[in-house]
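Coordinate analysis (summary)
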Amino acid sequence: MSSIDPRHSIFPEWLRKSLDGLYLASGYLAGVFLVAIFLIMLALSAGRPLGIDVPAGDDFAAWCMAATAFLALAHTFRSAELIRMGLVIDRFTGWRRRLIEIACTAIGATAVSYFAWYAVEMTWVSWRFNDVSMGVIAVPLWIPQLGMSVGLSVLAISFVDELLHVLFGGAPRYEKPPANTADEIIERVMESGV
């Protein structure tokens, strides 16, 4: 391996910052939908004793939950918080480990790109045919489907970004560096909720 920092980016600095900003913005947007779930559930819970009905509140909470889950994926992946096959991969070193990392990242990029493609197509078809929800409030279905489509598309971009980074000699940025002390191990276990 060369003397270049293995966590470097093959992309120009402006593109690296743009991509990292995209992943962060997607994470923040997921947080906005999480707050929306809280507010909707609060309105539903507080409204019942007061006789206030929130029409289609359950539908909107479910759509916000889906948007939260999908929009948070890319940021979670890049923050090294996504579940991965560490127990298997950590047993290898050198070129074997690098080959396994490339293969896993390529499989992940292919699978996520496939899902993103069909999610975007589903959203496009819903918009084209003007599909609406069957709940109390008729909402065009492309609107709640947009969270899934955007989230999967950003995740696909992050996987391809990481695949190119690993292919060109970089160390995977989706994994945390190994813990050096017992305190670091304990802190990571506490953060993971295990």
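The structure contained in this document is the topic of the report that follows.

Turning next to the pattern of salt bridges. Evaluated as defined, the whole model comprises six salt bridges. Taking the shortest distance from any N to any O, the salt bridge between Arg-16 and Asp-20 comes out at 3.2 Å. Linking Arg-16 with Asp-20, this pair stays in helix 1 (residues 13-50), spanning four residues, or about one helical turn. The partner of Glu-101 in a salt bridge is Arg-97, with the nearest N and O atoms 3.6 Å apart.

The next thing to look at is the nonpolar core. Tyr-23, Ala-74, Phe-77, Val-112, Leu-155 and Phe-159 are the most contacted members of the largest nonpolar core, which has 17 residues in total. Those elements giving two or more residues to this core turn out to be helix 1, helix 3 (73-78), helix 5 (94-128) and helix 6 (142-167). The leading source of residues in this core is helix 6, at seven residues. With sequence-adjacent residues up to four places away left out, Val-112 is seen in contact with Leu-152, Leu-155, Ala-156 and Phe-159. By size, the runner-up hydrophobic cluster in this structure holds five residues, among which are Ile-37, Leu-44, Ala-61 and Cys-64.

What counts, and where the lines are drawn
- Residues numbered from 1 in each chain as written.
- Predicted model: local features only at pLDDT ≥ 70, side-chain atom pairs only at ≥ 80, totals over all residues.
- Heavy atoms only, no water.
- Salt bridge = Lys/Arg side-chain N within 4 Å of Asp/Glu carboxyl O.
- Helix = DSSP H or I, 4+ residues; strand = E, 2+ residues; numbered from the N terminus.
- Core = buried A, V, L, I, M, F, W, Y, C linked by side-chain atoms within 4.5 Å.
- Buried < 20%, exposed > 50% of the residue type's maximum accessible area, 1.4 Å probe, protein only.
- Contact = heavy atoms within 4.5 Å.

In short, the description is geometric, and any link to function would need to be established separately.
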